[in-house]
Amino acid sequence: MNVRILALFAVLLPAVGFSQTWTVRPVPSAGETVARVVMGDASELVVEVTNTTTATSDARLSEVSFVLPIGYQLLGGLPAEANPNWKVDYIDANERRITFQSTLGCVDEGRGLARNETARFALNVVAPADRNSDNATERFVAGTYGRDQCDGTNYDVTLGSPTQWTRTILAANVTLLPRVLAVNGSTVARVVVENRGTGTASNVTVDNPTSTSSVPLTTVTKDAGKPVAVRSAGVFAVNLKPTAAGAVAARVRARTSNANAPLVDSPLANVGNLVAAADMDVVDAFAGDQVTLRLIVFNTSTANSYTQVRPRTPVLMGNATASLVSGPSPESVAQLAPGASAQFTWRYQVSGAPGASYQFQAQVDGTLNGSAVAGDLVTARKGRIVEHRVRLSHETVSTAATSLTVGYTVQNRGTLPIYEVKLFKPAVNYFSVAASGPQAFGDWNVYTDTTSYLWESESGIPVGGEATFRITYSGFTAVLADTAFRHRLELNQGWNDPRIRVEGTVTLLAGTASPDVGRLTGVARDGSVTLTWDNPFNHGGTLVLRAQGTNPPNIAPTSGVRYAVGDVLGNATVAYEDEFSSASSMTDTAVTNGTTYTYRVFNADDQLRYGPGNQPTSQGLLATPRARVAGNPLWCYSMGLASRHQPITELGVGIFSSFNDSVVGLLTNTVNPSEDGAERFRPVALAGAIGSRFPVVPLLGRPGQQWIVVGDTTGVPAVLNAATGEFLWKNTTLGLGNISSFPVTQLLDYANPEYRTTYSNVDLAIFATRNTSAQNQVVALNAATGALIWRYRPGDLGMVSGGMLMDYTMNRLYVPTRSGTSADTLRVLNSLTGAEVARLELGDLEFGVVRNATSNQILVTANDGRVHGVTPSNYELAWTVQVDSASQRTFSHFARPQGRGFVVSRTNSTVERYEMDATNVPKQLWSTPIENPSGSFTLNQNGVARLYVGSTDGKVHQLELEGGADTGQVTVGPAQAIGVPTIDHTVSRLHVGTTDGRICAFPVPF
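Residues numbered from 1 in each chain as written. Predicted model: local features only at pLDDT ≥ 70, side-chain atom pairs only at ≥ 80, totals over all residues. Heavy atoms only, no water.

Asker: I'd like to hear about the overall build of the protein, residue by residue, with values.
Answerer: Scanning the protein from N- to C-terminus turns up two helices and 89 strands. A principal-axis box enclosing the C-alpha atoms of the protein has dimensions of 130 × 60 × 55 Å. Taken across its 1006 residues, the protein has 56% of its residues classed as buried. In the protein, once contacts between residues fewer than 6 apart in sequence are set aside, the share between residues at least 24 apart is 64%. Between the averaged position of the 75 positive side-chain charges in the protein and that of its 82 negative side-chain charges there is a distance of 3 Å. (Helix = DSSP H or I, 4+ residues; strand = E, 2+ residues; numbered from the N terminus. Buried < 20%, exposed > 50% of the residue type's maximum accessible area, 1.4 Å probe, protein only. Contact = heavy atoms within 4.5 Å. Lys, Arg positive; Asp, Glu negative; His and termini not counted. Charge placed at Lys NZ, Arg CZ, Asp CG, Glu CD.)

Asker: Summarise the state of the cysteines; cite the residues concerned and give the values.
Answerer: Linking two cysteines covalently via their sulfur atoms produces the bond known as a disulfide. In total, this model carries two disulfides according to the counting rule given. Paired by a disulfide, Cys106 and Cys150 hold their sulfur atoms 2.0 Å apart. Across the S-S bond linking Cys106 and Cys150, the dihedral sits near -90°, which makes this disulfide left-handed. In this pair, Cys106 is assigned in the loop between β7 (97–102) and β8 (118–126) and Cys150 in the loop between β10 (145–147) and β11 (154–156), connecting sequence segments 44 residues apart. Relative accessible area serves as the criterion here: at 45%, Cys106 is assigned to the partly exposed category. Judged by its relative accessible area of 25%, Cys150 is partly exposed. One disulfide in the model links Cys636 with Cys1000; its S-S distance is 2.0 Å. On the S-S bond that ties Cys636 to Cys1000, the torsion sits near 110°, and the link is right-handed. Taken together, the positions of Cys636 in strand β58 (residues 635–638) and Cys1000 in strand β89 (residues 998–1003) put the pair 364 residues apart, joining distant regions of the chain. Ordering the disulfide-forming cysteines of the protein by sequence position, one finds them joined as 1-2, 3-4. (Disulfide = S-S within 2.5 Å.)

Asker: Report on the sheet that holds strand β18 (residues 217–222), specifying residues and quantitative values.
Answerer: One open sheet accounts for four strands, arranged β13-β15-β20-β18; its pairing is antiparallel. Sheet topology places β13 (170–177) and β18 at the edges, where each strand pairs with a single neighbour. Averaged over all pairs of adjacent strands, the angle between strand axes in this sheet comes to 30°, irrespective of strand direction. In this sheet, strand β20 (residues 233–242) lies alongside β18 in antiparallel orientation, the contact comprising five bridges. Across the sheet, residue Thr218 finds its bridge partner in β20, namely Lys241. (Pairing = 2+ DSSP bridges. Axes fitted to C-alpha atoms, helices over the stretch in contact; angles between N-to-C directions.)

Asker: Explain the environment of Ala722 to me, and be specific about the residues and the numbers.
Answerer: Position of Ala722 among the secondary structure elements: in the loop between β65 (718–721) and β66 (727–730). Through-space distance from the C-alpha of Ala722 to that of Gln706 is 5.4 Å; in sequence the pair is 16 residues apart. Residues in contact with Ala722, not counting those within four places in the same chain, are Phe656, Arg680, Phe681, Val696, Gln706, Trp707 and Ile708.

Asker: Please set out empty space enclosed by the protein residue by residue, giving values where relevant.
Answerer: All told, the structure shown has three cavities of 30 Å³ or more when counted by the stated rule. If you add up the space inside the largest cavity, you get close to 60 Å³. Counting residues per element, the ones that place at least two in the lining of the largest cavity are β52 (541–548) and β54 (572–579). For the lining of the largest cavity, the residue count by class is five nonpolar, two polar and four charged. (1 Å grid on protein atoms, 1.4 Å probe; cavity = no way out; pocket = protein on both sides within 12 Å on 5 of 7 lines; lining within 4 Å. Points joined across faces, edges and corners; volume = space filled by probe spheres on them. Nonpolar A, V, L, I, M, F, W, Y, C, P; charged D, E, K, R; others polar.)

Asker: Provide a residue-level description of the sheet that holds strand β46 (residues 452–461), including the pertinent values.
Answerer: In a beta sheet, neighbouring strands pair by backbone hydrogen bonds and run either parallel or antiparallel. Taking strand neighbours across the sheet as the criterion, the six strands line up as β41-β49-β48-β43-β46-β45 in an open arrangement whose pairing is mixed. Of all the strands in the sheet, just β41 (396–398) and β45 (445–448) have a single pairing partner and so form its edges. On average, each strand axis in the sheet is inclined to that of its neighbour by 25°, with strand direction left out of account. Relative to strand β48 (residues 483–492), strand β43 (residues 418–424) is paired through four bridges, and the arrangement is antiparallel. Bridge assignment links Glu420 to a residue of β48, and that residue is Asn492.

Asker: An account of the packing of aromatic side chains is needed here, citing residue identities and associated values.
Answerer: A full pass over the atoms with the stated rule returns 26 aromatic pairs. Here Phe140 and Trp165 contribute two aromatic rings whose centre-to-centre distance is 5.1 Å and whose plane-to-plane angle is 65°, an arrangement assigned as edge-to-face. With Phe140 in the loop between β9 (135–138) and β10 and Trp165 in strand β12 (residues 165–168), this residue pair connects regions lying 25 residues apart in the sequence. In terms of burial, Phe140 and Trp165 fall into one category: buried. Grouped by ring-pair contacts, the aromatic residues Trp22, Phe66, Tyr72, Trp86, Phe100, Phe121, Phe140 and Trp165 constitute a single cluster. Sitting over the ring of Trp707, Arg702 keeps its end group 5.5 Å from the ring centre. (Phe/Tyr/Trp six-rings, centres within 6.5 Å; stacked < 30°, edge-to-face > 60°. Lys NZ or Arg CZ within 6 Å of the ring centre and 35° of its normal.)

Asker: Tell me about the nonpolar core, residues and numbers included.
Answerer: Counting residues in hydrophobic clusters, the biggest one holds 33 residues, and the most contacted among them are Tyr408, Val410, Val421, Tyr430, Phe485 and Leu508. At the level of secondary structure, the elements contributing two or more residues to this core comprise β20, β40 (388–392), β42 (404–412), β43, β46, β47 (466–476), β48 and β49 (500–509). For this core, the element with the most residues is β47, which contributes five residues. Excluding its chain neighbours within four sequence positions, the residues that come into contact with Val421 are Val410, Trp444, Tyr453, Leu454, Trp455, Ile461, Phe469, Leu489, Glu490 and Leu491. (Core = buried A, V, L, I, M, F, W, Y, C linked by side-chain atoms within 4.5 Å.)

Asker: Break down the side chain of Ser43 for me, with residues and values.
Answerer: Mapping Ser43 onto the fold places it in strand β3 (residues 42–51). In this structure the side chain of Ser43 is engaged in a polar contact, spanning 3.0 Å, whose partner is the backbone nitrogen of Val38. Every residue in contact with Ser43, bar those within four places of it in the chain, is listed here: Val37, Val38, Leu123, Asn124 and Val125. (Polar contact = N/O pair within 3.5 Å; in protein donor to acceptor, adjacent residues only side chain to side chain.)

Asker: Go over the pattern of salt bridges with me, naming the residues and quoting the values.
Answerer: Side-chain pairs of opposite charge can arise where the charged atoms are in close proximity. A full pass over the atoms with the stated rule returns 50 salt bridges. Here Arg989 makes a salt bridge to Asp676, at a shortest N to O gap of 2.7 Å. Taken together, the residues span a long stretch of sequence, with Arg989 in strand β88 (residues 989–993) and Asp676 in the loop between β61 (662–667) and β62 (679–685) at a distance of 313 residues. Arg989 gets classed as buried once you look at its relative accessible area, which sits at 4%. Residue classification places Asp676 among the buried positions, given a relative accessible area of 0%. Among the ionic pairs, Arg998 bridges to Asp996, the shortest N-O distance being 2.8 Å. With a relative accessible area of 17%, Asp996 lands in the buried category. Through salt bridges with shared partners, one network takes in Asp41, Glu194, Arg196, Arg486, Arg488 and Glu503. (Salt bridge = Lys/Arg side-chain N within 4 Å of Asp/Glu carboxyl O.)

Structure below.
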């Protein structure tokens, strides 16, 4: 900056008179009719200069100089971005003068302003706080001039009316939450009004907010007027309802009888179905700093899912430069379910001259029902390149806090040291200062007056340095919702230099917790644990705590406090932390193989308020990394809730399973261990718990695709894409009640001619219910649409707990039921029509029925200790084996076909094999003790057949099919019930689930 002394300035002025003319006009902000500045506050006064020379003159206006009224502070100024060929040539803070000059030289074309041309300049000023009412007659004073510095032409100006602005006693800020919502949803404009005058503003009110776009904003309710004392703040809530879709800001004015605050706009909100909000983490950046742009996308629809949600490249506005460092992260989101949100972030390096601005516009695209859709263009806050700024140690504070010391760290990147730092008292009715007040330190002395705290030093804050100024607050006034208050500081480099204003915000919190993350899962591998979660919409960062052992981290983080990796909280260590990030996974390599860890993941919102950390439960998530050696799992996938259903295998590709209400899909990768066991899609939640395993099948007309057919305990059947987890359909209109049994399908591609004649282009998905009333039923649905094909509801059907069996050859459906409603517990239906073909009285049937492919008999396992063989051609009993007394529950699983007989897992802690004798009745071949065995699965490899079964000893046992010898075990975890294993024979892997919420993969044989 070229600072000239006044004497030189006087010499350079030409002697000719000021005969030509120019005008200067204060420019009102959007929505205003007059320009306004706030008393005692840093305000931007934009003025427009016009060259009004006569038509006969070609003289240009290339220098303008403004002198502010007495009592004003001049902080600085900049040419408007629309006219960049100007510069600040001279500033005299004591004389309140700022001079702008054209940057084009005297030989350049187009210097300055020709006749009738205009330019705008933004002056940063502080108006005197010496009144208790507004003053509407503020104007520049004598000494204001215009000239052409090249040819010496001077320009006259009239400083009276209408070149005036208004100086007001009220300042206001407004937030709008939520910023993403559906049409006719509810949002709240929260207005903080501060009194900068000299007396109490007796009845401050806020006008009904207006819309800045075509989106109408209807005011539903509004706080009444209230008095606001000097240096205090009034907080007003206005409940709004937007009645159309689009991007909108709420424009609000606060007023009292003798004062009108400048209009203020809230950050941009977005209304509709696929909506977004953009934010910047740093709006006061030093040149060369990196800043993060975040775009939060939200699906407000209650029914529709968006797929392939992808952000467009952000558009930079302003005159700073921004170089992309990274992003977007992630590049896209495969699916955005109803009510779900996603976050995308970019990292930019910004640079430019002090005062240069940067701002980004962002937009998102997606697909809805196969058609492309685009979200609205949304804008983030404007940032500026600065030379000085302040960082607060506590940007958020619980109003329950007492005796809290807040540090204000002033950072100096200017050209001169800072010798004075003044903190203006924040809203005194919300921030109570302790008796100890501000604290002196080093050679900084501190002084107090009615409006501020002042620190002075002989050495000051050097160029490139920083210093922290501390003040203790005794307490804070409660707020009804989170409310941000400005904390303003003034910096002094010397008597003759302009003062510098910087500020930060402290948000007083109405609540103590943010929402939890969702769908927390983990994969333990060799030397690492990878956690994955979903960020909620109200997300600013994540903190992960890791405790050694099975006890969860026992101390939660404190809201408003930042933690670093390695910090210790109770029995746990901080394993990961981030802020203003879209990250939804982390890999922890600071772990030891063979050691069990328990993790809790805490979401933090933008106010650094932490969530409860209770996902999936308050007990956290267990993970035990292990080396990939014999006897150890290749990986274990953790969900935190029991997952003992037998996994479903897609050979060589991956597996599917479930826990609680969620379907999971995992990948098999034999080449890259770091990707082995990874999710193929995030867990997909159904309306209720999933009561059994489910089929994964191809569907007609969809070659190369697999589909998950599943129901839940609320009675909602559904079909999901096995590659993406997206719903093909779900039927909520059938009123089924409780689906807990294995659904079955009848697929046209494998059907006989009779089926093809009846259904030429339909696959069937069949579901049965487990209700306590007699109104259990079986329904067949179109597997491609969910439409009802037929319904079997005889009125005496018992609960269906075990899986049904589809006989493709006979087009027959076998339905096992519990006793109590009817003694006829096995029903045989015509699968084409649902008509009953036969019913058999076989006792209480809890488990599914299966076919023995070798004997072509239907095996029925009853709770009275019997296993039955049914002939499918006539539905008659071929044989019955009484495995144990009818007085106890004998089996833990259905009898699994093996050879011409079967294998049973028994509640007396044995596994037994039966095989047909000479009379074609199964007889026991062997019995092996296994503690509380699960169901079994077989593997025949190189002519050697083995049987694998889980146990409550925490192990999977390997039994030789010939003789039943227990020849090997692997330990899945501590003593607990292990589920039914399944084997992928193409890659020789066993997969099994556990009570403590894991699914593990082991190589076989053991």
